[in-house]
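# Architecture and fold: a report
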Amino acid sequence: MEYTPLSASHPDALKDFKTIEAILRGKTPALFLDYDGTLVPLARRPELATASDELRAAIARLAVLMPVAVVSGRGRADVMQILGVSGIAYAGSHGFDITDANGRDLSGDIGAPYVPALRKAAASLTARLAPVAGAFVEDKKYALAIHFREVTPRDQARVADIVASEVNRHPTLRRTGGKMIHELRPAIEWNKGTAVVHIMKALGLATANTLPVYIGDDETDEDAFRAVHDTGIGIKVGTDNTPTAARYSLETPKDVNTFVGQLADLYEPR
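The present account deals with the structure reproduced in this document. (Residues numbered from 1 in each chain as written. Predicted model: local features only at pLDDT ≥ 70, side-chain atom pairs only at ≥ 80, totals over all residues. Heavy atoms only, no water.)

## Structural notes on unusual backbone geometry
The condition is simple: Here a strand is any run of E in DSSP of at least two residues, a helix any run of H or I of at least four, and the numbering for each starts at the N terminus.
The phi angle at Lys141 is positive, at roughly 70°, despite the residue not being glycine. Inspection of the secondary structure puts Lys141 in the loop between strand 5 (136-139) and strand 6 (144-147).

Written out as structure tokens, the structure is:
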């Protein structure tokens, strides 16, 4: 199947579910929903939990029809609280931290060698950032998120320097940028595309007969779409009309809810 990028500037083609239905026909789908919600852990700001009742209901319907995995950096506890849906798998930290629909750990040993360095860095960063108002460290098992959304502009450079020095102390870790966060991850080549392939393998989904449907929300999801395009379709949401590698684009949360509901309609017994 030839890979043809589409953008949100072609709404008729992108929202034509009949086209999607034709691609799915005869395949066993698996839904991957990249969900970040907000940038602050619910433990600090429980009022920031966001997921519409419509989305929860659509995912609950779908979870009894096919494998559903939420790909998120939020942490499994937050994701489960936000969505309130049982029977879904979870993949965090770009696919290092994986649990199946029953909550069993399927992470394997890819990230395990880096855990000691991550724990040491978490303790050191927590102590060093304590004097910086608004900065805090979120330990996500196979990654660390250093939040600075609430830090004054004057102190943001100080936070960056502390994080950089911690990376120098732990050469097995690398720093990646985020939306008002720094993240420390294992220093190996890894992206969302690699993660999707790893997640499918961990969940026992054979690429030969599984059609992954990936719903992402930003430009960093492009490699995930590329990773699945030979056997599936990428569906990108929350776009800003920028052409990407996504095969289809859904522009608003309502579009996502509608699509997930239509997918459930397609596979529910008539």
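## Remarks on the pairing of strand 5
Just so we agree on the cut-off: Note on classification: 1.4 Å probe, protein chains only; a residue is buried when its accessible area is under 20% of the maximum for its type, exposed when over 50%, partly exposed between these limits. Two strands qualify as a pair provided DSSP detects at least 2 bridges between them.
On strand 5, burial follows the alternation: Phe136 and Glu138 on one face are buried, whereas Val137 and Asp139 on the facing-out side are not. Pairing of strand 5 with strand 6 involves 4 bridges; the strand directions are antiparallel. Counted as the bridge partner of Glu138 is Ala145 from strand 6. Here strand 5 hands over to strand 6 after 4 residues, with Lys141 in that stretch at a positive phi of 70°.

## Looking at the sheet that holds strand 6
Definition in use: Fitting a line to C-alpha atoms yields each axis, with helices limited to the stretch in contact; the angle taken between N-to-C directions then spans 0 to 180 degrees.
In spatial order, the strands read 5-6-8-7; together these 4 strands make up an open sheet with antiparallel pairing. A single partner strand is all that each edge strand has here, and the edge strands are strand 5 and strand 7 (173-177). For this sheet, the mean inter-axis angle between neighbouring strands, taken without regard to orientation, is 25°. As paired elements, strand 7 and strand 8 (residues 181-186) share 5 bridges and run antiparallel to each other. Following the sheet pairing, Arg174 is matched in strand 8 by Arg185.

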